[in-house]
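Summary of the model geometry
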Amino acid sequence: MRALPELFDLRVKARSLAYLFTAGAGLGLVTLAFPHDPEVMELELIVLAAIAVAIAGVVYVEADRIRPWHLHVALGLGTLILTFANYYVGVNSLYPLLYTWTALYAFYFFPLGVSLAHVAFIALCYAVLLVIQDPSSPIVRWLLAVGTPVVAGLLISRLLERMGVEVNTGEQRERALRQSEARTRLVLDSAPDAFVTLDRDGIITTWNVAAEKMFGWSAVEAIGKPLRSIIIPPEHRERHDKRRRELIEHEGAVATQVYDVVLQRRDGSRFDGEATVSRVVIGDDVILAGFLRDMTERQRREEERDELMRAQAARAEAERVAEMMSGMGALVDAALARRRLDEVLADLVAGVQKVLGADAAAIFLADDEQESLHLAATSSGIEPASVEPIPFGDGFPGRVARSREPLFARHPDQADLRDPGLRDMEIDSLLAVPLLARGAVTGVLRVCASPPRRFTADDLGMLRLAADRVALAVSHARIHEREHQIAETLQRSLLPERLPDLPGLKVAASYRPAAAEAEVGGDWYDVIPIPGGGAGLVMGDVAGKGLAAASMVGRLRSALRAYALEGHDPAMVVQQLNRLVWTEAAESQMVTLLYVVVDPTEGLARWVNAGHPPPVLVGGNGRPQFLEGGTSVPLGVQPFPSYEEMSAAMAPGSTLVLYTDGLVEVPGAHIDEGMSRLMEQLPGAPEEPKALCDYLLGRLVPPRGAPDDVALLTLRNVPLSDRLRFEVPSEPEALASMRALLRRWLRYGGGGEQEVADITTACGEAATNAIEHAGLSGGKPFEVTGLLKGREVEISVRDFGAWRTPREGDQGRGLSLMRALMDTVHVSPTPEGTTVRLRRTLREAGGNGGPK
Amino acid sequence: MKEGLVGLEIEERGDVVVARLTGELDIAGAARTGERIAEAVPTSALGLVVDLMELEFIDSSGIAMLFALARRLGSQRQELSVAAPPGGPVARVLEIVEFDRAAPVHAEVDTAVADLQG
């Protein structure tokens, strides 16, 4: 609390001083009018009063410009004037009392220190006065003189300080109160609810702006009217009166009631409202203050808000469900995808994590023996293979696998988790459920939650749903994987392990499976030795993948071999294959096939193309060309398509390239582009078929594998020279090809028809012996070398079997034939094998007129 | 029918069975072809003519087959006759192995048939 004197401004202090002096002077003059001591000097007193009034006048007039020290001086002068007055009148008069006035003034308006100084001055003046006027008892008078003003001044100042603020700040309080009322009114006027006060008779005394708006009555109109007559519908007025009376008569300081009411606007329309009415006691009076609220508006807003909240909740729920369903959907997709297990697992872990909002998820898979689990996939990013297998019954996963029951754990022990990927994770709760398929535990699905996430019973239900799908996905993927392995094995078994030795021809093939994730495709190739020295080249592609495609390849391969060996024309072979595919293959099975028969004797390639990319023929001059034409529909599309045989010259030194579309498929580009790329690679490519295959694959197939399988088959019609060297399988069926090549070579060497026949027959006999030496069931191939030296022909047949002495009769006849047909026959049997050397000088004028 | 590279057609001309061979007759098809020809000759038949007119090649296995047929027919008191174009590779081989000591070699099928019926 501030000191009292500071509450007043200088002007107030100055005016008070002026009043004090004027009053003092007036009192002095009044005493002169009553009977008094004749010795009193009237003139002096009148002069003193005049001085006091003069000072008062100056102070009053100059009140606005006065300084604090002016007041001290003025009060000091007042004390002196009073002392002189006492001197003239005598200490026994009323005048000493006036010292109290000046002391009071000092205490009231000046700080304590200054006022004490004034009191001290007053005491000094009074003491001097007493000493002069009554020297008889100086000590008593001193005490009186000093004590009276000091004690009185202190007491009064303390008293005033305590109550002064309340009394003297009344003006400010009034102002504050008015401001407060204005604020209250403002608040009430801006309140959304109508605020009304009624006196005890129900007459409106307050009517705020909201009330004006709500009811259509202005404050001026409403105030002074009974509430019941303007906003209470007639039928409710009685109830209103009753409630009002009850409230008014209610004992106690404040009573508040809330009523649901029906209110009426000025236009007569009605609405539901809520009235909050308080009984307010002000002094002796009792009034009612009430807030009236339009509930229709509020109901509408509440309904809107409820609706909004419902919509938000519904959206949140929908989003949650959608999220979950998409997670579940991903699980189902993974379950249905025909993909490799490890890829499926990665998707499943991600899906489960999403569905449960888990912070970590892992799948453990059981081994076939149902003895241990291994970590198969985890969201933690560690390499699952780095984790040791977990025996059933060990740790959380092992326990779940053994019990086949879900497991829930709070703050699980790290050692029990068996997943080093969780080492640095704070785990609030863990859920693990078994994966079951056909009664066997195939694995365990485990999820972990980090704070603030915590699993609940709902999560367990969800995890079980997820586990069903994961189990399905795992078993599908396993079946698929097994199928893939079988198909792969089957397909490998269907591709020739080694290509046949074809006299005069060189073949090579390559098979490049598609990039890792793809399935075993239906590409296949085959090389079939055609009796008589030709070669049947097969390049096919069964649409579809996997086991079904692989088994189709198997059937086609066998059938084609059979038809080809029966000596059917290419067109007939393909037609028969079409019948097979059409009648027996699964619906919409489609096979493209290229079948080329190369006849080196004729120097001719004959082909039939059933919807396959055309082969490329690289001529002896190195120029490549597509063997277009003859292309018909793939196998299995029509019951009786016409397959037409086409042919092209295939001179010695030329090469044939067969391939499947995988070689020429460029992702995102038309197949023509891939075919152009193939054509660009061929000029300058190696001639040797094996090298050619490697060359083309290296340039056309990405190192990581093409999107599709690639099969490539190349065949070269080896050009003839004076030196001939080839291997022949130790099979009776291979002899015809050998003879065909020999005839070609002998004609090339200038042999006449008789000579060609003789030498070929002799070589055939030597070859027959070689086959017998190797054992008729076949063994190591034998080797035929030929050399032309001018007109001299030398042919050696060298086998690696055991020599048999020719018996008289059939076998002996072979040797005698050789001797009869050739100039010289030399047989040199060794433990490692036998070499038969045949020589003959050409004498006829052959078709080619001698070696070129 | 074909066995390897050799084709075989059987025809009966009265009491005589004619077996026509085409293609190349070597160790791959000789034994099987010989059996099939032998099976085609009923015991009631007078004899067998092996028509080699269109055979392109014969080796010692084929010759052995012919000798075996000759022996077999002989044991059944049936006769074998062979027809091959003179000067051709087949006739040349037959000549070298002196097949005519086992059965007559004719230049034409008709004369071979007539020889048997004769």
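Residues numbered from 1 in each chain as written. Chains lettered and ligands numbered in written order. Predicted model: local features only at pLDDT ≥ 70, side-chain atom pairs only at ≥ 80, totals over all residues.

1. Thoughts on the interface of chain A and chain B
Quoted interface sizes are often the accessible area lost when the parts come together. Taken residue by residue, the interface counts 19 residues in chain A and 17 residues in chain B. Where the side of chain A that touches chain B is concerned, the elements lending two or more residues are α21 (735–748), α22 (753–774) and α23 (810–821) of chain A. The residue makeup of the side of chain A that touches chain B, split by class, is 7 nonpolar, 6 polar and 6 charged. (Contact = placed C-beta atoms within 7 Å. Helix = DSSP H or I, 4+ residues; strand = E, 2+ residues; numbered from the N terminus. Nonpolar A, V, L, I, M, F, W, Y, C, P; charged D, E, K, R; others polar.)

2. A closer look at unusual backbone geometry
Residues and elements named next belong to chain A. Looking along the chain, the bond that leaves Pro451 and enters Pro452 is cis, with omega of 5°. Counting through the fold element by element, Pro452 comes out in the loop between β11 (440–449) and α16 (457–494). One non-glycine residue, Gln370, adopts positive backbone phi at about 60°. One can find Gln370 in the loop between β6 (360–366) and β7 (372–378).

3. Observations concerning the sheet that holds strand β10 (residues 429–437) of chain A
Residue and element names in this part refer to chain A. One open sheet holds the 6 strands; their spatial order is β8-β7-β6-β11-β10-β9, and the pairing between them is antiparallel. At either end of the open sheet lies a strand with only one pairing partner, and these are β8 (390–391) and β9 (407–410). Pairing between β10 and β11: 9 bridges, direction antiparallel. When the sheet's bridge partners are listed, Pro434 is paired in β11 with Val444. Strands in contact with helix α13 (residues 341–356) are β6, β7 and β11; relative to β6, the strand with the most contacts, it is inclined by about 135°. Contacting β6, β7, β8, β9, β10 and β11, helix α14 (residues 395–403) crosses the sheet at an angle of about 40° to β10. (Pairing = 2+ DSSP bridges. Axes fitted to C-alpha atoms, helices over the stretch in contact; angles between N-to-C directions.)

4. Thoughts on the sheet that holds strand β25 (residues 792–798) of chain A
Residue and element names in this part refer to chain A. The strand order across the open sheet built from 5 strands is β23-β24-β25-β27-β26, with neighbouring strands paired in antiparallel fashion. Edge positions in the sheet fall to β23 (723–728) and β26 (824–830), since each of these pairs with one other strand and no more. Ignoring which end each strand starts from, the neighbouring axes of this sheet average 10° apart. Bridging between β26 and strand β27 (residues 833–841) involves 7 bridges; their strand directions are antiparallel. For Thr824, the partnering residue across the bridge sits in β27 and is Arg839.

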